[in-house]
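Coordinates in review
Each chain, letter by letter, is given below.
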Amino acid sequence: MKDGDETRQREDTPFYDHPTGGWGSLKSVARWMVKGRPSPGVLDTLRIQNKPGGHMCTSCAWAKPPNPHLAEFCENGAKATIWDLTRDRCTPDFFARHSVTELQGWSDHDLERVGRLTHPMRYDAASDHYLPCNWDEAFAGIGARLRQLDPRSVVFYASGRASLETSYLYQLFARALGHNNLPDSSNMCHETTSVALKSTIGSPVGTCVLSDFEHCEMILFFGQNTGSNSPRFLHPLQQAVRRGCKIVTFNPVRERGLIEFTSPQEPGPMLTGGSTRISDTYLQVRPGGDIAAIAGLCKHLFALDDAGGGVIDRDFIAEHTDGFASFEANIRETGWDGIEAASGLIRADLEAVAEIYARSPRSIGIYGMGLTQHVHGSQSVQMLVNLLLMRGNIGRPGTGISPVRGHSNVQGQRTVGISEKPELVPLDRLAELFGFEPPRDEGRTTVDAVQGLLDGSVRGFVSLGGNFARAIPDQGRSDGAWAGLALNVQIATKLNRSHVLVGDGTWLLPCLVRAEEDRQASGSQTVTMEDSLSHIHGSVGRRAPASGHLLSETAIVAGLAKATLAPNPRLAWDDWVGDYALIRDLIEATYPEEFKDFNARMFTPGGFYRGNPARERQWKTTSGKAGFTTPTVLSALGAEPGDAVFTLMTLRSNDQFNTTIYGFRDRLRGLEGDRMVVLMNPGEMARAGLHEGQRVTLVSAVEDGKTRALPGMRVTGYDLPDGCVAAYYPEANPLVPLGWHDVESKTPAYKGAPVRIVA
Ligand SMILES: Nc1nc2c(c(=O)[nH]1)N[C@H]1C(S)=C(S)[C@@H](COP(=O)(O)OP(=O)(O)OC[C@H]3O[C@@H](n4cnc5c(=O)[nH]c(N)nc54)[C@H](O)[C@@H]3O)O[C@H]1N2
Ligand SMILES: Nc1nc2c(c(=O)[nH]1)N[C@H]1C(S)=C(S)[C@@H](COP(=O)(O)OP(=O)(O)OC[C@H]3O[C@@H](n4cnc5c(=O)[nH]c(N)nc54)[C@H](O)[C@@H]3O)O[C@H]1N2
Ligand SMILES: [Mo]
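Residues numbered from 1 in each chain as written. Chains lettered and ligands numbered in written order. Predicted model: local features only at pLDDT ≥ 70, side-chain atom pairs only at ≥ 80, totals over all residues. Heavy atoms only, no water.

**So, the overall build of the protein**
- Looking only at helices and strands, the protein features 28 helices and 34 strands.
- Its C-alpha atoms give the protein a radius of gyration of 25 Å, within 12% of the compact-globule value 27 Å for 759 residues.
- Along the first, second and third principal axes, the C-alpha set of the protein runs to 75 × 60 × 55 Å.
- Sequence-distant contacts, at least 24 apart, represent 79% of the contacts inside the protein between residues at least 6 apart.
- On the protein, the mean spot of the 77 positive side-chain charges and the mean spot of the 87 negative ones are 3 Å from each other. (Helix = DSSP H or I, 4+ residues; strand = E, 2+ residues; numbered from the N terminus. Rg over C-alpha atoms; globule rule 2.2 N^0.38 Å. Contact = heavy atoms within 4.5 Å. Lys, Arg positive; Asp, Glu negative; His and termini not counted. Charge placed at Lys NZ, Arg CZ, Asp CG, Glu CD.)

**What to know about the confidence of the model for the protein**
- Across the protein, the average pLDDT comes to 94, with 98% of residues at or above 70.
- For the stretch residues 1-15, pLDDT sits under 50, and the model shows 40 contacts to residues farther than four places along the chain or on other chains. (pLDDT = per-residue confidence, 0-100.)

**What to know about the pairing of strand β7 (residues 154-158)**
- For β7, a buried count of five out of five residues is recorded, marking the element as mostly surrounded by other parts of the structure.
- A two-sided burial pattern is seen for β7, the buried positions comprising Val 154, Phe 156 and Ala 158 on one face and Val 155 and Tyr 157 on the other.
- As judged from the five bridges shared by β7 and strand β16 (residues 460-464), these two strands associate in the parallel manner. Paired with Tyr 157 across the strands is Ser 463, a residue of β16. (Buried < 20%, exposed > 50% of the residue type's maximum accessible area, 1.4 Å probe, protein only. Pairing = 2+ DSSP bridges.)

**Overview of the site of ligand 2**
- Around ligand 2, 32 residues are found, and the nearest of them are Glu 112, Tyr 157, Arg 161, Thr 659 and Asn 733.
- Within the backbone of Ile 491, one N or O atom sits 3.0 Å away from a nitrogen atom of ligand 2.
- The backbone of Lys 494 places a nitrogen or oxygen atom 2.7 Å from an oxygen atom of ligand 2.
- Each residue belonging to the shell around ligand 2 can be placed in one class, and the counts come to 11 nonpolar, 15 polar and six charged. (Near = heavy atom within 4 Å. Polar contact = N/O pair within 3.5 Å; in protein donor to acceptor, adjacent residues only side chain to side chain. Nonpolar A, V, L, I, M, F, W, Y, C, P; charged D, E, K, R; others polar.)

**Some details on the side chain of His 374**
- By the element assignment, His 374 lies in the loop between α18 (369-372) and α19 (377-390).
- A relative accessible area of 1% places His 374 in the buried class.
- In terms of polar contacts, His 374 uses its side chain to reach the backbone carbonyl oxygen of Gly 370, at 3.3 Å.
- If we skip the residues at most four places from it in the chain, His 374 touches Pro 287, Gly 288, Ala 636, Leu 637, His 741, Asp 742, Pro 748, Ala 749, Lys 751 and Gly 752.

**What about the pattern of salt bridges?**
- Considering all chains together, one arrives at 47 salt bridges under this definition.
- The partner of Arg 152 in a salt bridge is Asp 441, with the nearest N and O atoms 2.7 Å apart. Pair noted here: Arg 152 is in the loop between α7 (135-148) and β7 and Asp 441 is in the loop between α21 (427-434) and α22 (446-455), with a separation of 289 residues, a long-range link.
- A residue is classified by how much of its surface remains accessible, and Arg 152, at 41% relative accessible area, is partly exposed.
- The salt bridge involving Glu 217 is made with Arg 362; its shortest N-O contact spans 2.7 Å. Taken as a pair, Glu 217 in the loop between α9 (191-201) and β8 (218-222) and Arg 362 in the loop between α17 (347-359) and β14 (363-367) lie far apart in primary sequence, 145 residues in all.
- Residue Glu 217 is classed as partly exposed on the basis of its relative accessible area, which comes to 26%.
- Given the relative accessible area of 28%, Arg 362 is considered partly exposed. (Salt bridge = Lys/Arg side-chain N within 4 Å of Asp/Glu carboxyl O.)

**Things to note about the domain arrangement of the protein**
- Splitting the protein by domain gives domain 1 (89-189 + 409-596), domain 2 (204-256 + 272-402) and domain 3 (646-758).
- Relative placement of domain 1 and domain 2: their C-alpha centres are 38 Å apart.
- Every contact between the two is made by six residues of domain 1 and, on the other side, 10 residues of domain 2.
- Taken together, the two surfaces of domain 1 and domain 2 that pack against each other cover about 540 Å², and 63% of this comes from carbon and sulfur.
- The tally of links from domain 1 across to domain 2 stands at zero salt bridges.
- Along the contact surface separating domain 1 from domain 2 lie two residue pairs in polar contact (both at pLDDT 80 or more). (Domains from an automatic or database assignment. Buried area = accessible area lost by both parts, 1.4 Å probe.)

**With respect to the site of ligand 1**
- Around ligand 1, the surrounding shell holds 30 residues, and the nearest of these are Asn 225, Glu 255, Gly 288, Asp 290 and Asn 658.
- Contact distances for ligand 1 include 2.7 Å between an oxygen atom and a side-chain N or O atom of Asn 251.
- When ligand 1 is considered free in solution it has 920 Å² of accessible area, and contact with the protein chains removes 99% of it.
- Those elements giving two or more residues to the shell around ligand 1 turn out to be α10 (226-229), α18, β25 (646-651) and β26 (656-657). (Areas by Shrake-Rupley, 256 points an atom, 1.4 Å probe, with all protein chains shown as cover.)

**Remarks on unusual backbone geometry**
- Following Tyr 729, the chain continues into Pro 730 via a peptide bond in cis, with omega recorded as 5°.
- When you line up the elements, Pro 730 lands in the loop between β33 (724-728) and β34 (753-758).
- Positive phi values are uncommon outside glycine, yet Asp 128 reaches one of about 60°.
- Position of Asp 128 among the secondary structure elements: in the loop between β5 (121-124) and β6 (129-132).

**As for helix α16 (residues 336-343)**
- Turning to α16, its buried residues number three or more, namely Trp 336, Ile 339, Ala 342 and Ser 343. Around the axis of α16, the buried residues are gathered within 135° of arc, so they sit on the same side.
- Its buried side turned inward, α16 meets α13 (290-309) and α17.
- Once α16 ends, the next one or two residues include Gly 344, with phi positive near 75°. (Arc of directions from axis to C-beta.)

**Some points on a nonpolar patch on the surface**
- Among the surface-exposed residues, Trp 23, Leu 26 and Leu 271 lie close enough to one another that they form a single nonpolar patch of about 350 Å² accessible area.
- Mapped onto the secondary structure, Leu 26 falls in helix α1 (residues 22-35). (Patch = residues over 30% accessible without salt bridge, like charges linked within 9 Å, V, L, I, M, F, W, Y side chains within 5 Å.)

**Some thoughts on the sheet that holds strand β18 (residues 506-510)**
- Taken in spatial order, the six strands make up an open sheet running β6-β5-β18-β17-β16-β7, and their pairing is mixed. Looking at the sheet topology across the chains shown, the edges are occupied by β6 and β7. Taken over all neighbouring pairs, the strand axes of this sheet differ in orientation by 20° on average, direction set aside.
- Relative to β18, strand β17 (residues 487-492) runs parallel, the two being bridged by five bridges. Its bridge partner lying in β18, Val 489 is registered against Trp 507.
- Along the sheet face, α7 touches β5, β7, β17 and β18 and points at about 135° away from the line of β18. (Axes fitted to C-alpha atoms, helices over the stretch in contact; angles between N-to-C directions.)

**Some details on the sheet that holds strand β15 (residues 400-403)**
- As summarised here, the arrangement of the five strands in space is β12-β9-β8-β14-β15, forming an open sheet in which the pairing is parallel. Of all strands in the sheet, those bounded by a partner on one side alone are β12 (281-283) and β15. Taking each pair of neighbouring strands and ignoring which way they run, the sheet shows an average axis angle of 15°.
- Judged from the three bridges that link them, strand β9 (residues 246-250) and β12 form a sheet pairing that is parallel. Residue pairing in the sheet places Phe 250 in a bridge with Leu 283 of β12.
- Contacts from α19 reach β8, β14 and β15 within the one sheet, and its direction differs from that of β14 by about 175°.

**Re the environment of Ala 481**
- By the element assignment, Ala 481 lies in the loop between α23 (468-471) and β17.
- Separated by 268 residues in the primary sequence, Ala 481 and Phe 213 place their C-alpha atoms 47 Å from one another.

**A look at the side chain of Glu 75**
- If you trace the backbone, Glu 75 turns up in helix α3 (residues 75-84).
- The exposure class of Glu 75 is buried, given its relative accessible area of 10%.
- In terms of polar contacts, Glu 75 uses its side chain to reach the side chain of Arg 667, at 2.4 Å.
- Not counting chain neighbours up to four residues away, the residues in contact with Glu 75 comprise Ser 25, Ser 28, Val 29, Asn 654 and Arg 667.

Following this line, the structure appears as structure tokens:
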């Protein structure tokens, strides 16, 4: 048996006591082969998923290794592909049978389950039905409306799935039209990362590559649920544990994936019931308590160093960083009482972790939404940077900071210019290449876009994928605004809630999915995406499209642009759609360092690395150094919860992809059947006088003159720290106020919303 492996679980939770992966995940895939009603041949498609010559999975953004497993897909990757390749269709006939008002009453699950959209549709207010239209009519109608609008009143939202090619054209279209209103889903996700890492290490993305996971001796894991949200990452983690690497996890919820794992790819453990214990230490930090927890680790590092341990890398700090003295003074002054109170952890546990860290020559910090989605999320990320910098753990092999990104190309969309922050985009280069003057003013983030819907300053909305209305904070409050928009264009694969919030100028435009063949004038096309570790991959769809009326996202964006903009010989939309290699040439011309020889390198096994100066210890910050940040708070929550106020974390289940609800089995948490649940620990239940199964109403405790209530939530006992409750995203989104977001990046505080429970 290998290091870290064992034959039966040692860490039991009363809820689900099986390892992640293993037979459970294989059974789940098998169940999906039936329930998902895939069209024939889907197994052949899965076999080439995430491999050169195949398509890149549309589920998470985790790396695609150069030496893939026989099956380089996970349970949730299989679900995502089967969900895309269903044989069910959402046809004009379906829309003829159901009015939009009727569809507004359907659940998220039922709307998407209708199947793949097949025809371009336009909403007809007179009949309250979507009616089929043809593409030319749609483009001409949308173009005419867009030309009439002030470009600054138009928002081009993007969910993080569209390829680099589509994304590049999308931002070009926005800027040629005259606006930078390019929020994408990362505004609700890792915008905190883009802001906090940029300001501290000079790069908006993580510094790790796959090989770092082969050389680190310790991984510090904050608020990322690998087992559900990036399951293929469990393989490198398992290999690391077997080498003797120590994984320490900070998470209020004891997530199975971070406790133990059986690789479905290994016959031995599958047959003997063996599994690998993933986390060496698992600390159930309070939500928002990470700043304090990390302060505790740093404090003990100073103590160890004072005792002659030499654990602080003073040479590195002197040569490469600034801000250390102020940070050090702050941490030395911070008392353990405050640290214990804010983190909910005890000093001895934090000291023990600090000692592992002090002994580890090479360490990596990983994080996800548990750090980013808080009022002081940026400070949480900056604290993790501080901790790593103290021991020179950025910019050496086997070290680094690694945010785990969400959507499969969300990082790439930002890389090629989908950003509301003009300073992050080479606008001069665009001006030179295309002969127009791009706007220079700050665009709208997601939160600003919602604000604009509410105050009427947004008049037109184009959505490249996603389910904006459902994913946002203060869900429901802006629903009424959509009917009054002059224009609403939804480019999508399946019907969702955002598509039934309609007005006179609403179009629903269906596109290919990534696994489908994209044929254009020059033949079958490749698209590309960037994974969490900044590697770029070519992706080839091979399936027959779900309908003969679908266009690719690239063709739709180009069609819209051509129908809207005045002719400009340098904007050769038709040529670009005919051959995506030309778009990659433009990306290379715009970003010559990152995308050198793009077309030649896109099928490099494992992808090609676009580089990151911080990895080479070149800090692209204003001071030219990596910055220590002095924390101003110990808790990332916006306010200390008062009496009878709980901190609400909104979580994803193992049976959803964001607002896409595959089903009602949160297998890895042992929860099934009902998503309207509020999880809390049995002690808190007793103190609040609540009993298991009781239906309660959750009410926001943010006092801003607005009432927010979510009735019908079933109280469910769960192993959580005191003072917090958990519920599912997106059902609980009405409880998160729009103004309750990270102060630096405006990422909504979806993991730290104060609520009361009304029996
Ligand atoms: N199958 C599947 N895969 C997905 C997605 C999906 O919905 N389904 N979504 C994709 C997207 S867009 C994204 S962004 C990623 C999201 O992936 P993750 O980053 O894993 O996001 P969440 O599942 O929202 O929550 C992460 C974890 O944070 C913990 N947490 C909550 N509050 C705190 C806190 O204050 N401190 C700490 N330390 N932990 C906390 C929660 O218990 C949870 O385990 O996954 C991507 N992959
Ligand atoms: N409370 C709470 N709210 C959250 C979060 C949270 O943790 N808690 N997480 C936030 C995060 S991290 C994110 S990223 C956002 C997600 O927000 P979005 O990215 O806007 O939402 P998704 O649910 O991923 O979008 C699903 C829809 O995308 C469409 N779609 C699927 N595939 C394709 C495709 O290939 N092309 C096109 N054009 N359309 C496609 C389908 O119609 C599907 O219904 O939600 C945020 N909201
Ligand atoms: Mo995300």
